[in-house]
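Close look at the chain arrangement
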Amino acid sequence: MVDHDKILRLRPQFTAYAYALCGDAGDGDDLVQEAIARALESGKVPDTLDDMRHWMFRVIRNLYIDRQRRKKVRSEYSASYKRLIDGEPIVEDNRLDAILIRQAMEALSPNHREVLYLVDVMGMSYAEAANVMSVATGTVMSRLSRARRAMVDELEGSNVRPMRARRKRKT
């Protein structure tokens, strides 16, 4: 059971830490709110004030890192999408890479495609992906490892290579 009084006493420290991480009061407040919600949902909150402080700082830090990762992935996706919409020319090597990667993804099993998409493309944490997929976190980790290996095998097995890869082989 979570001691609400301890959380209330520590909240100013959590908020200050979140502000320092985010550099923005609004984002910091959101981060603290999410961390507290997770603490309230969790059945494994430390009992002592000191242990709770350290545990919550880790929760806040991990949530911040997860948010930054998702933000980066979304930003890269948005930039790519904007280039397509704006009609910017696509470099031939990049187009070939995209085709090869798409074909390799299509060759994977549905479970492998799903875990690669959730973790590597969407930037979800293992725990978030496990929640979406309704499996254990360890299952996500092992599927991801096998999926990445399968992607590499699929890409290496292709006889099509971008021009820059062919040039490198000749030298």
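Anything mentioned here points back to the structure above.
What sets the pattern is the α-helix's 3.6 residues per turn: residues three or four places apart point alike. Here helix 7 (residues 137-157) contains 21 residues, and its C-alpha end-to-end distance of 30 Å stays within 8% of the 30 Å for a straight helix at 1.5 Å per residue. Inspection of helix 7 places Val 140, Arg 143, Leu 144, Ala 147 and Met 151 among the buried residues, and these make up the whole buried set. For helix 7, the buried positions fall inside an angular range of 105° around the axis, keeping them on one side. For helix 7, exposure combined with an orientation more than 90 degrees from the buried face picks out Glu 156 and Gly 157.

To continue, consider the packing of helix 5 (residues 110-121) against helix 7. Contact geometry of helix 5 with helix 7 gives a least axis separation of 9 Å together with a crossing angle of 100°. By the angle between their directions, the pair helix 5 and helix 7 is classed as roughly perpendicular. Contacts between helix 5 and helix 7 pair Asn 111, His 112, Val 115, Leu 116, Val 119 and Asp 120 from the former with Val 140, Arg 143, Leu 144, Arg 146, Ala 147, Arg 148, Ala 150 and Met 151 from the latter.

Moving on, we get to the packing of aromatic side chains. Considering all chains together, one arrives at two aromatic pairs under this definition. A ring pair is formed by Phe 14 and Phe 57, whose centres lie 5.9 Å apart and whose planes are at 80°; its orientation type is edge-to-face. Taken together, the positions of Phe 14 in helix 1 (residues 4-22) and Phe 57 in helix 3 (residues 49-86) put the pair 43 residues apart, joining distant regions of the chain. Judged by its relative accessible area of 25%, Phe 57 falls in the partly exposed class. For the pair Tyr 17 and Phe 57, a centre-to-centre distance of 4.9 Å together with 40° between the ring planes defines the contact as tilted.

This part is about a negative patch on the surface. Together, Asp 3, Asp 5, Asp 47 and Asp 51 line one region of the surface with negative charge. Within the secondary structure, Asp 5 is located in helix 1. According to the relative accessible area criterion, Asp 5 is exposed, its value standing at 53%.

If you walk through the whole model with that rule in mind, you get five salt bridges. With a closest N to O distance of 2.8 Å, Asp 153 and Arg 149 form a salt bridge. Residue Asp 153 and its partner Arg 149 are both found in helix 7; the two are separated by four residues, about one turn of the helix. Among the residues examined, Arg 149 registers a relative accessible area of 45% and is labelled partly exposed.

The rules we used
Residues numbered from 1 in each chain as written. Predicted model: local features only at pLDDT ≥ 70, side-chain atom pairs only at ≥ 80, totals over all residues. Heavy atoms only, no water. Helix = DSSP H or I, 4+ residues; strand = E, 2+ residues; numbered from the N terminus. Expected span 1.5 Å × (residues − 1). Buried < 20%, exposed > 50% of the residue type's maximum accessible area, 1.4 Å probe, protein only. Arc of directions from axis to C-beta. Axes fitted to C-alpha atoms, helices over the stretch in contact; angles between N-to-C directions. Parallel < 35°, antiparallel > 145°, perpendicular 65-115°, else oblique. Contact = heavy atoms within 4.5 Å. Phe/Tyr/Trp six-rings, centres within 6.5 Å; stacked < 30°, edge-to-face > 60°. Patch = residues over 30% accessible without salt bridge, like charges linked within 9 Å, V, L, I, M, F, W, Y side chains within 5 Å. Areas by Shrake-Rupley, 256 points an atom, 1.4 Å probe, with all protein chains shown as cover. Salt bridge = Lys/Arg side-chain N within 4 Å of Asp/Glu carboxyl O. Lys, Arg positive; Asp, Glu negative; His and termini not counted. Charge placed at Lys NZ, Arg CZ, Asp CG, Glu CD.

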